[in-house]
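# Summary of structural features
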Amino acid sequence: MRYAEVAVDAAVGYDRTFSYSVPPSLDVLPGQTVMVPFGPRRLQGVVFSLPPAPQVPETRDILSASQTGPVLSDTQLRLARWISDYYMSPLFEAASLMLPPGGRVRLKSYLTLSAAGGAAEGPPPTEYQEKVLAFIRRHKRVAEDRLLETLGRGAGTAVRRLVERGLVTRTQGRAGASVGRRYRAYARLPFPAPEGLAGRLSDMARRAPRQAALLSRLLKERTPIVLAQARREYGAGAVRALLDRGWIEVESVAVDRDPLAGLSVQPSPSVVLTSTQEAVVAEVRAALDEPATAARSFLVEGVTGSGKTEVYLDSVRHCLQRGERAIVMVPEIALTHQTIERFAARFPGNVAVLHSGLTAGQRFDQWWKVRQGEYGVVIGSRGAVFAPQPELGLIVIDEEHEWTYKQQDASPRYHARDVALRLAELSDSVVVMGSASPDVQSYHMAMRGHFKLLRLPDRVVVNGGATRAAPGVSPLAAVEIVDMRRELREGHRLIFSRPLLRAMGDCLETGSQAVLFLNRRGSASFMQCRECGFTLGCRRCDITMTYHKEAQRLLCHHCGDRRIPPSRCPACAGNKMAYYGVGTQAVVEEVSRRFPDVTVLRWDRDAVKRPDEYERLLTRFRSGEAQVLVGTQMIAKGLHFPSVTVVGVVLADVGLNVPDYRAGERAFQLLFQVAGRAGRGPAKGVVVIQTYQPDNYAVRAAAAQEYRRFYAEEAAYRKEQGNPPYGGLIRMLYTHTNRAMCEREAMRVTEGLRRERDSWGYSDVEVLGPTPAYPARLRGRYRWQLILRGAKPRALLDRLAVPPGWVVDVDPVGPG
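Rules of the game
Residues numbered from 1 in each chain as written. Predicted model: local features only at pLDDT ≥ 70, side-chain atom pairs only at ≥ 80, totals over all residues. Heavy atoms only, no water. Helix = DSSP H or I, 4+ residues; strand = E, 2+ residues; numbered from the N terminus. Rg over C-alpha atoms; globule rule 2.2 N^0.38 Å. Buried < 20%, exposed > 50% of the residue type's maximum accessible area, 1.4 Å probe, protein only. Contact = heavy atoms within 4.5 Å. Areas by Shrake-Rupley, 256 points an atom, 1.4 Å probe, with all protein chains shown as cover. Phe/Tyr/Trp six-rings, centres within 6.5 Å; stacked < 30°, edge-to-face > 60°. Pairing = 2+ DSSP bridges. Axes fitted to C-alpha atoms, helices over the stretch in contact; angles between N-to-C directions. Polar contact = N/O pair within 3.5 Å; in protein donor to acceptor, adjacent residues only side chain to side chain. Salt bridge = Lys/Arg side-chain N within 4 Å of Asp/Glu carboxyl O. Parallel < 35°, antiparallel > 145°, perpendicular 65-115°, else oblique. Left-handed = near helix turned anticlockwise from the far one by under 90°. Nonpolar A, V, L, I, M, F, W, Y, C, P; charged D, E, K, R; others polar. Expected span 1.5 Å × (residues − 1). Arc of directions from axis to C-beta. pLDDT = per-residue confidence, 0-100.

## Observations regarding the overall build of the chain
Counting secondary structure elements, the chain contains 24 helices and 36 strands. For 816 residues, the compact-globule estimate of 2.2 N^0.38 gives 28 Å, and the C-alpha radius of gyration of the chain, at 31 Å, lies within 12% of that figure. With the C-alpha coordinates aligned to their principal axes, the bounding extent of the chain is approximately 85 × 80 × 70 Å. Relative to its 816 residues, the chain shows a buried fraction of 52%. A separation of at least 24 residues holds for 74% of the contacts in the chain among residues at least 6 apart in sequence. When the accessible surface of the chain is summed, it comes to about 37200 Å², and 49% of that surface belongs to carbon and sulfur atoms.

Here it is in structure tokens:
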């Protein structure tokens with residue numbers, strides 16, 4: 001008897017497999033997906049190993065195995081085990097990150113009335129069971145989870161009793177549409193073509209002119225015709241008649257849904273690197289060539305405009321020349337297009353794309369072509385780290401500091417940077433991380449020798465295919481901090497300060513472009529009563545609603561709830577409701593009012609939603625069609641516009657007061673990055689930072705554009721508090737629709753953790769909280785959290801089973 005250890009698609013704890021026997025009729029290998037019985041259900045699983053003996057004395061047979069064979073390599077299976085163990089997620093969830101699109105089969109239970117028509121022997125159904133039966137009768141066939149969602153979880157017991165009595169039948173079916181190869185049918189001549197076919201055309205033209213016309217075209221052009229087109233042009237009857245006679249046949253051809261099919265880029269040769277760029281690339285080349293002796297992980301600290309992308313391009317070129325392949329990661333889908341253009345121009349026809357902005361079909365085709373080794377370079381956002389790239393030699397992580405590399409919304413809550421580092425260890429690959437403002441933890445590890453720190457201290461300009469250091473003592477833009485409190489005291493109450501208005505006026509007068517940054521969407525931040533102070537909040541989330549003038553609605557940016565602005569206060573019935581704060585829409589309106597002849601573009605999640613819209617907006621701005629770009633944090637990340645000479649930060653304080661130990665770091669990184677958009681061409685750049693906290697250390701360091709100055713202050717604060725990188729954090733979150741029950745459960749678990757910690761003597765682990773999360777209510781559910789902090793906070797959880805309903809987030813990056 002053969003046995004298999006299978007990770008099943010169920011909430012079963014982390015790093016756990018189950019033993020199954022392999023029937024003689026099945027060929028099963030590690031990395032293959034299978035269907036297995038699990039209690040009363042049929043679930044999908046992934047085979048992780050084929051041991052000589054099972055973990056338990058009695059096993060059940062695997063029901064079926066996928067026809068595609070193993071889809072996960074040994075390296076991917078080992079990576080999945082690490083993700084499951086480190087992030088405390090079910091092993092199947094970790095493995096599913098690496099399955100091909102459509103490879104995860106989710107089965108749903110469906111309920112129908114039995115053949116007996118709802119009649120059966122025994123006592124009559126209860127009143128509640130009759131309600132369930134009526135619901136099923138009305139819908140004929142209903143998903144069990146939909147029934148439970150509509151009638152309440154208590155209906156589960158009624159359904160079980162009805163199934164046991166034979167009144168209701170439960171079946172399983174696939175949830176959602178599957179994805180696979182797409183085929184297009186063509187009409188073509190048989191090979192060899194029937195003898196004398198051409199000679200029959202004249203006679204056929206009198207009796208069946210449409211059939212004759214189609215045959216004549218196929219004989220003349222000797223190329224197949226799309227079957228649907230043939231039916232449309234010559235008639236379905238003519239096509240069917242020719243098929244019946246055997247004079248034509250249908251051929252199905254696979255269609256490649258290539259997301260880059262319409263991309264037009266001119267191939268570009270490699271540029272001549274500066275001496276500092278060449279020194280960085282030499283280190284990477286040595287790591288690729290001499291894996292036993294050189295460092296394997298690099299952190300490239302390069303000021304904005306220092307040519308980090310050229311370093312990536314040259315490193316990838318060397319990797320490809322060695323016969324190996326590369327993965328290039330960017331933090332946002334919005335940046336993918338710009339990166340694709342650069343890499344596709346350097347490596348024509350050798351670049352694949354994998355990110356969530358593609359259609360399911362495009363992801364399917366790209367995934368399988370990558371797995372078959374058809375592309376040397378894969379570009380994408382955080383999920384690209386799981387691309388099945390064979391002979392992997394290099395992983396590039398651009399803007400490695402970005403929090404979007406962390407998966408926060410679903411299990412496993414992995415960080416793509418840490419996964420990439422682990423993948424590199426398993427595949428013996430090289431990792432190159434780059435940023436102008438590195439993550440504090442990454443920089444700390446580089447300072448301690450875990451990564452090799454490389455620096456690009458100078459901006460570069462491109463001149464005829466060569467790069468050179470930008471001239472002048474300070475090639476970075478000049479930065480001015482404007483104290484908005486002083487502006488108010490001196491009677492200036494506009495959105496834009498006087499220095500920013502002057503800078504914008506000079507910029508637009510010379511034909512240059514300006515970028516205005518405000519990390520807040522909408523026209524106004526909130527609506528408040530000036531009589532009683534009532535603030536209008538979301539009905540489902542503990543957060544104020546943002547006014548959007550274009551839609552004339554108040555919107556919640558967390559759950560999407562929409563409300564018509566009230567004319568009277570809901571609390572006191574007063575008529576003095578007013579809008580406060582500004583968002584990107586208000587900034588656009590103010591620019592248009594101050595500079596009526598200027599074209600303004602807005603880039604935020606309200607104005608631009610799809611990747612193709614990102615591309616069109618960037619093309620318009622790059623071409624000079626618009627002079628001012630207003631946006632949120634999207635405009636701060638890696639965009640290169642040489643004609644931008646002025647950057648205005650409308651309000652630097654947004655996010656500084658969020659209850660998160662990383663708030664200062666995020667503010668610094670955003671300000672530092674957005675300041676780097678100015679002066680990337682020959683003209684000198686000017687940056688104006690407006691703030692009500694001009695003495696804040698993060699604002700000061702960003703204005704000075706000195707990362708090491710910020711790092712020194714931030715690291716000192718972190719060390720004093722025991723926060724990363726000087727200690728680990730694990731966040732535990734509990735949610736419930738009832739406020740009191742949520743708080744009570746949070747208190748119970750927190751006290752239990754403290755008792756267990758004290759009994760085991762884990763004095764170096766703090767149990768902080770519980771406290772309401774931020775925001776305290778989200779989409780109708782109350783949220784409480786607790787934090788484990790210490791040198792090894794995981795040790796406490798390893799001795800306990802995580803309580804049901806709790807979400808565990810290892811190395812959290814946000815406030816909640």
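From this point, things continue past the structure.
## Points about the packing of aromatic side chains
Inspection of the entire model under this criterion finds 23 aromatic pairs. Both rings, one in W367 and one in W368, keep their centres 4.9 Å apart while their planes meet at 75°; by these two values the pair is edge-to-face. Among the residues examined, W367 registers a relative accessible area of 5% and is labelled buried. Looking at W368, the relative accessible area reads 17%, which means it is buried. Summarising the aromatic geometry, the rings of Y707 and F710 are spaced 6.5 Å apart at their centres and angled 50° between planes, so their arrangement reads as tilted. In this pair, Y707 and F710 both sit in helix α22 (residues 707–721), three residues apart, roughly one turn of the helix. Overall, Y707 belongs to the buried group, its relative accessible area being 3%. Here the aromatic residues Y443, F668, F672, Y697, Y707, F710, Y711 and Y717 are joined through ring pairs into a cluster of three or more.

## Remarks on the sheet that holds strand β36 (residues 806–810)
Spatially, β34-β35-β33-β36 is the arrangement adopted by the four strands of the open sheet, whose pairing is antiparallel. A strand with exactly one partner marks an edge of an open sheet, and here the two such strands are β34 (765–778) and β36. Averaged over all pairs of adjacent strands, the angle between their axes in this sheet comes to 20°, without regard to strand direction.

## With respect to the environment of K406
Secondary-structure assignment places K406 in the loop between β17 (392–398) and α14 (416–427). Between the alpha carbons of K406 and T735 there is a distance of 21 Å; along the sequence they are 329 residues apart. Apart from the residues within four sequence positions on either side, K406 is in contact with Y87, R382, R413, Y414, H415, D809, V810, D811, P812 and V813. A polar side-chain atom of K406 sits 2.7 Å from the main-chain carbonyl oxygen of R413.

## A closer look at the sheet that holds strand β9 (residues 168–174)
An order of β8-β7-β9 is seen for the three strands of this open sheet, with the pairing classed as antiparallel. Bordering the open sheet on either side are β8 (142–143) and β9, each of which pairs with just one other strand. Relative to β8, strand β7 (residues 107–113) runs antiparallel, the two being bridged by two bridges. Looking at β8, one finds that L111 is bridged to V142. Lying over the sheet, helix α3 (residues 127–139) contacts β7, β8 and β9, oriented at roughly 100° with respect to β7.

## Considerations on the pairing of strand β35 (residues 781–790)
Most of β35 is tucked away: nine of the 10 residues are buried. In terms of strand pairing, strand β33 (residues 728–736) meets β35 through nine bridges, oriented antiparallel. If you follow I730 over to β35, its bridge partner there is L788. Inspection of the sheet shows β34 paired to β35 by eight bridges, in the antiparallel sense. Looking at β35, one finds that L768 is bridged to I787. Hairpin geometry of β34 and β35 is characterised by an intervening segment of two residues between the two adjacent antiparallel strands and by a positive phi of about 55° at R779.

## Thoughts on the pattern of salt bridges
Inspection of the entire model under this criterion finds 51 salt bridges. Across the salt bridge formed by E665 and R718, the nearest N and O atoms sit 2.6 Å from each other. A residue pair is termed long-range when its members are at least 10 positions apart, and E665 in helix α20 (residues 663–675) and R718 in helix α22 qualify at 53 residues. R718 carries the same exposure label as E665, and that label is buried. In this structure, a network of salt bridges that share partners links the residues D439, R662, E665, E714 and R718.

## Looking at the packing of α20 against helix α21 (residues 697–704)
Interhelical geometry of α20 versus α21 gives an angle of 25° and a closest axis separation of 9 Å. Judged on the interaxial angle alone, α21 and α20 are roughly parallel. Regarding α20 and α21, the two cross each other, and that crossing is right-handed. From α20, G664, F668, L671 and F672 reach across to α21, where they touch Y697, A698, V699, A701 and A702. When the residues that make up the contact of α20 with α21 are grouped by side-chain class, the tally is eight nonpolar, one polar and no charged.

## What to know about the environment of R718
Exposure remark for R718: the relative accessible area of 2% places this residue in the buried category. For the pair R718 and D9, spaced 709 residues apart in sequence, the C-alpha separation works out to 39 Å. Every residue in contact with R718, bar those within four places of it in the chain, is listed here: V440, Y661, R662, E665, N723, P724, P725 and Y726. There is a polar contact of 2.8 Å between the side chain of R718 and the backbone oxygen of P724.

## Concerning the packing of helix α7 (residues 209–221) against helix α9 (residues 236–245)
Where α7 meets α9, the axes come as close as 9 Å, and the angle between the chain directions of the two elements is 70°. Taken together, α7 and α9 sit at an angle that is classed as roughly perpendicular. Considering the relative orientation of α7 and α9, their crossing is right-handed. Judged by residue contacts, R210, Q211, L214 and L215 of α7 engage A238, V239, A241, L242 and R245 from α9. In terms of residue class, the contact of α7 with α9 is made up of six nonpolar, one polar and two charged.

## Looking at α7
Its 13 residues give α7 an end-to-end C-alpha distance of 18 Å, which sits within 8% of 18 Å, the value for a rise of 1.5 Å per residue. Within the span of α7, buried status applies to Q211, A212, L214, L215, L218 and L219. Considered in projection along α7, the buried side chains sweep an arc of 165° and stay on one side of the axis. Facing away from the buried side of α7 by over 90 degrees, the exposed positions are P209, R210 and K220. At its buried positions, α7 is contacted by β10 (182–188), α6 (201–207), β11 (225–226), α8 (227–234) and α9.

## Considerations on the confidence of the model for the chain
Mean pLDDT over the chain stands at 90; residues scoring 70 or higher make up 97%. Note that pLDDT drops below 50 for residues 470–474; the model gives that stretch five contacts with residues more than four away or on any other chain.

## Description of helix α4 (residues 144–151)
Here α4 has its buried residues at E144, L147, L148 and L151. Looking straight down α4, one finds that the buried residues subtend no more than 95° of arc, so they occupy a single side. Buried residues along α4 sit in contact with β7, α3, β8, α5 (155–164) and β9. Remark: G152 follows α4 within two positions and exhibits a positive phi of approximately 105°.

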